[in-house]
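Breakdown of the fold
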Amino acid sequence: MSAIVPDHLPRIRLDAPDGAQAEIALHGGHVLSWRTPDARERLFLSPRASFDTGAAIRGGVPVIFPQFAGLGPLPKHGLARTATWQHVDSQITAGGAAVARLRLTEDEASRSVWDYAFQLDLIVTIGGSRLDLALQVTNTDMEAYRFMAALHTYLAVQAIEDVAVEGLAGLSYRERGVDGAQPDGALRIEGEVDRIYWNVPGPLILREGAEAVKVAALGFPDVVVWNPGPALAAKLPDLDPEGYRRMLCIEAALIGAPVTLAPGANWRGTQTITAL
Ligand code: TA6
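Structure report, in brief. Because the structure is a prediction, the values reported are computed rather than measured.

Thresholds applied
- Residues numbered from 1 in each chain as written.
- Predicted model: local features only at pLDDT ≥ 70, side-chain atom pairs only at ≥ 80, totals over all residues.
- Heavy atoms only, no water.
- Pairing = 2+ DSSP bridges.
- Helix = DSSP H or I, 4+ residues; strand = E, 2+ residues; numbered from the N terminus.
- Near = heavy atom within 4 Å.
- Polar contact = N/O pair within 3.5 Å; in protein donor to acceptor, adjacent residues only side chain to side chain.
- Nonpolar A, V, L, I, M, F, W, Y, C, P; charged D, E, K, R; others polar.
- Phe/Tyr/Trp six-rings, centres within 6.5 Å; stacked < 30°, edge-to-face > 60°.
- Buried < 20%, exposed > 50% of the residue type's maximum accessible area, 1.4 Å probe, protein only.
- Lys NZ or Arg CZ within 6 Å of the ring centre and 35° of its normal.
- Contact = heavy atoms within 4.5 Å.
- Axes fitted to C-alpha atoms, helices over the stretch in contact; angles between N-to-C directions.

Digging into the sheet that holds strand 5 (residues 86-92)
- In spatial order, the strands read 5-6-7-8-20-17-16-11-14; together these nine strands make up an open sheet with antiparallel pairing. The open sheet is flanked by strand 5 and strand 14 (187-188), the only strands paired with a single partner.

What follows is the structure, encoded as structure tokens:
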């Protein structure tokens, strides 16, 4: 990963006593890398990702807030993924997990697109075969507001054509404005997939050959499954043409029923990824 990420990019590194590691950029509050104790990288990060000010990093875990995609007047996917976050603290817990807390609050730039006061905390916990991501929104404004949010996680895969996603059968989804229902059996990725699955009741399993990863969420009712496929990948300047074969986004999302938060109130959603 060091070959991809510029040395000067401000970031923090988490090292759990068992060898699990993560790197998180302050740009976007963006988890760039997560390695399980076997040193295996579990997140996809595009070799062509841009880390420039104002750019969204292609890969890792972009934080989407307070708008998903183009579903509102803000820049695509909101303001958090291109903002500079603060590192609040890091610690090793009694149980041997490594934890970092990052924070984003309103400033002139955020107010120019969304005129509210907020505190957004991202708590990243690693240890053993687990990555826990918690996103917490606190309304520090005098007014209530509504928001959407997502953890736009890019999971690394060996070859997209060998991947199956279990746990979606029978669920309703929307894909580019068209409603559909997932048939029985696992989802296979054959070309571009860009689906919002509504009210996903349980964890998903991403299976590839003999390997599997469990993706669970709390507080985020929806799941987005995204892979650009070859045609769209060829048009994305920050993804190499074959890059789509090595990633699958499984996103914990709050889209269908945006949360309205009263002044002083907070909301929390989590995504937990476990290598099985
Ligand atoms: O979450 C899926 C999605 O909204 C897709 O429609 C696709 O555009 C993807 O996000 C990536 O968006 P980006 O702005 O990072 O290119």
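Some details on the site of the ligand
- Every residue lining the ligand is accounted for by Arg58, Phe68, Ala69, Lys76, His77, Arg81, His152, Asp194, Val224, Trp226 and Glu251.
- At 3.0 Å, a side-chain N or O of arginine 58 approaches an oxygen atom of the ligand.
- Contacts to the ligand include glutamate 251, whose side-chain N or O atom sits 2.9 Å from an oxygen atom.
- For the shell around the ligand, a count of residues per class yields four nonpolar, two polar and five charged.

Focus on the packing of aromatic side chains
- Under the definition given, this model contains twelve aromatic pairs.
- Seen in terms of ring centroids, tryptophan 114 and tyrosine 116 are 4.9 Å apart; in terms of plane orientation they differ by 65°. Their pairing is edge-to-face.
- On the basis of relative accessible area, tryptophan 114 is assigned to the buried category, the value being 8%.
- Taken together through their ring pairs, the aromatic side chains of Phe65, Trp114, Tyr116, Phe118, Tyr145, Phe147, Phe220 and Trp267 make up a single cluster.
- Above the face of the tyrosine 173 ring, arginine 195 is positioned so that its terminal group lies 4.2 Å from the ring centre.

Considerations on unusual backbone geometry
- Between phenylalanine 65 and proline 66 the backbone carries a cis peptide bond, its omega angle lying at -5°.
- If you trace the backbone, proline 66 turns up in the loop between strand 4 (63-64) and strand 5.
- A positive phi angle, close to 45°, is found at arginine 176, a residue other than glycine.
- If you trace the backbone, arginine 176 turns up in the loop between strand 12 (172-175) and strand 13 (178-181).

As for the side chain of glutamine 271
- Along the chain, the position of glutamine 271 falls in strand 20 (residues 266-275).
- Within polar-contact distance, the side chain of glutamine 271 engages the side chain of threonine 153 at 2.5 Å.
- Every residue in contact with glutamine 271, bar those within four places of it in the chain, is listed here: Leu131, Asp132, Leu133, Leu151, Thr153, Val215, Ala216, Ala217, Ile250, Glu251 and Ala252.

Structural notes on the sheet that holds strand 3 (residues 30-35)
- Ordered by their spatial adjacency, three strands build an open sheet running 1-2-3, and the pairing between neighbours is antiparallel. Of all strands in the sheet, those bounded by a partner on one side alone are strand 1 (11-15) and strand 3. Within this sheet the neighbouring strands show an average axis-to-axis angle of 15°, counted without direction.
- Both strand 2 (residues 21-25) and strand 3 contribute to a ladder of five bridges, which runs antiparallel.

Some thoughts on the pairing of strand 17 (residues 211-218)
- As paired strands, strand 16 (residues 204-208) and strand 17 are joined by five bridges and run antiparallel to one another. Counted as the bridge partner of glutamate 208 is glutamate 211 from strand 17.
- Adjacent in sequence and paired antiparallel, strand 16 and strand 17 are bridged by two residues, among which glycine 209 carries a positive phi angle near 60°.

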